[in-house]
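This is what each chain is made of:
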Amino acid sequence: MRRLPKRIGTKGIEREYARAIIGLVPNVIKSVCTKNLPRIIAIISRAHDARMRIDAPHTDAGEADDAQALLDELNAAIDDAISVDRIKSEVRRLGVRTANQSRDELNRRARSVLGRDVFAAEPGLRSQMDNFVAGNVAKIKGLDEETRTRIERRVMDAVTQGRLARDFASDLKKDFGFSDNRAALIARDQIGKFYGQQNNLRARALGLKRYRWATSNDDRVRDDHRALEGKIFEYDGPGAPGIGHPGEDYNCRCGDDPIFEDLLD
Ligand SMILES: [Zn+2]
């Protein structure tokens, strides 16, 4: 039996998924806000000036009302620009790529070790895909909501506290950066999880019983995952205690090296 080739991994798909999510939500919100930034800044500056003039604990409600009206307008513009259908179709497209890669990788490694192709019926793959799409659309909608809430709070705080416009602008940049990071985290975590699920189902359908845990072998691997390197687990067992199968734990980049010898028994 020949040596098992290395895994290719899902990094490329994760990056593409992160870019897709950022393009579909944070960038849309960013673009609407940026286009209207002069109007937002004008209200914040007016509120700041008013606060400088009247040295009193109360804030004039005028600017807060103006800010709320503008935010409502921006929300409506964002609603128009964000397409749930496009989110769904991009999630599905990257889900299919992940599923195909898990199929191709398993076949490639089987071919290399066994010297032949392996095929199996794959019941359950479709329902896993449907769950992936539904779950990820919900997460991306959550990111949308979270981003808008942060920006709304940022604007209203600036107005009611009389913040300087330039401080507001630099904080707003941080909020956008936060959303991009969140999108990248969703991509990394979700693609890894889905890949692991698809892989597990396919491996079992092929008759594979066990695998060796394979970390990505770099300095970002957590200690408790590193301790699993090379350990043997069963595909239809619970995996590692408290961690599960590769990819299941949050942001886990580990994989499995199938024990193809089990197919020869
Ligand atoms: Zn891991």
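**Q** Break down the overall build of the chain for me, with residues and values.
**A** From N to C terminus, the chain includes eight helices and three strands. Tracing the chain from N to C terminus, the helices and strands come up as α-α-α-α-α-α-α-β-α-β-β. Relative to its length of 265 residues, the chain is extended, with a C-alpha radius of gyration of 25 Å against a globular reference of 18 Å. With respect to the three principal axes, the spread of C-alpha positions in the chain is 85 × 40 × 25 Å.

**Q** Tell me about helix H1 (residues 11-24), and name the residues and values.
**A** Helix length check: H1, at 14 residues, gives a terminal C-alpha distance of 20 Å against a target of 20 Å (1.5 Å per residue), a fit within 8%. Those residues of H1 that sit buried are Ile13, Glu14, Tyr17, Ala18, Ile21, Ile22 and Leu24. One side of H1 holds all its buried residues, which, seen down the axis, span an arc of 165°. For H1, the elements touching its buried residues are helix H2 (26-35), helix H5 (84-114), helix H6 (125-161) and helix H7 (165-206).

**Q** Explain the nonpolar core to me, using residue names and the numbers behind them.
**A** One finds Tyr17, Ile21, Ile44 and Val159 to be the most contacted residues of the largest nonpolar core, which totals 33 residues. Listing elements by their share of this core, those giving two or more residues are H1, H2, helix H3 (37-53), helix H4 (61-81), H5, H6 and H7. Apart from the residues within four sequence positions on either side, tyrosine 17 is in contact with Leu94, Ala187 and Ile191. Core analysis: the next-biggest nonpolar cluster, separate from the first, contains seven residues, Leu106, Ala203, Leu206 and Tyr235 among them.

**Q** I'd love a proper account of the environment of alanine 50, names of residues and values included.
**A** Summarising the element assignment, alanine 50 is placed in helix H3. Placed 107 residues apart in sequence, alanine 50 and aspartate 157 show a C-alpha to C-alpha distance of 15 Å.

Analysis parameters
- The residue numbering used here restarts from 1 in each chain and proceeds along that chain's sequence as written.
- At least 70 in pLDDT is required for a residue's local features to be given in this predicted model, at least 80 for side-chain atom pairs to be given and counted, and no such filter applies to totals for whole chains, interfaces and linings, which use all residues.
- Only DSSP runs of H or I reaching four residues or more are called helices, and only runs of E reaching two or more are called strands; each is numbered from the N terminus.
- C-alpha atoms define the radius of gyration, and 2.2 Å times the number of residues to the power 0.38 defines the globule rule.
- Any helix carries an expected span of 1.5 Å times its number of residues minus one.
- Counting other C-beta atoms within 10 Å of each residue's C-beta, where C-beta atoms are placed from the backbone, gives the exposure class: buried for 20 or more, exposed for 12 or fewer, partly exposed between.
- This arc describes the spread of directions from the helix axis toward the C-beta atoms.
- Any pair of residues counts as being in contact when their C-beta atoms, constructed from backbone geometry, are within 7 Å of one another.
- By definition, a nonpolar core groups buried Ala, Val, Leu, Ile, Met, Phe, Trp, Tyr and Cys residues that are joined through C-beta atoms within 7 Å.

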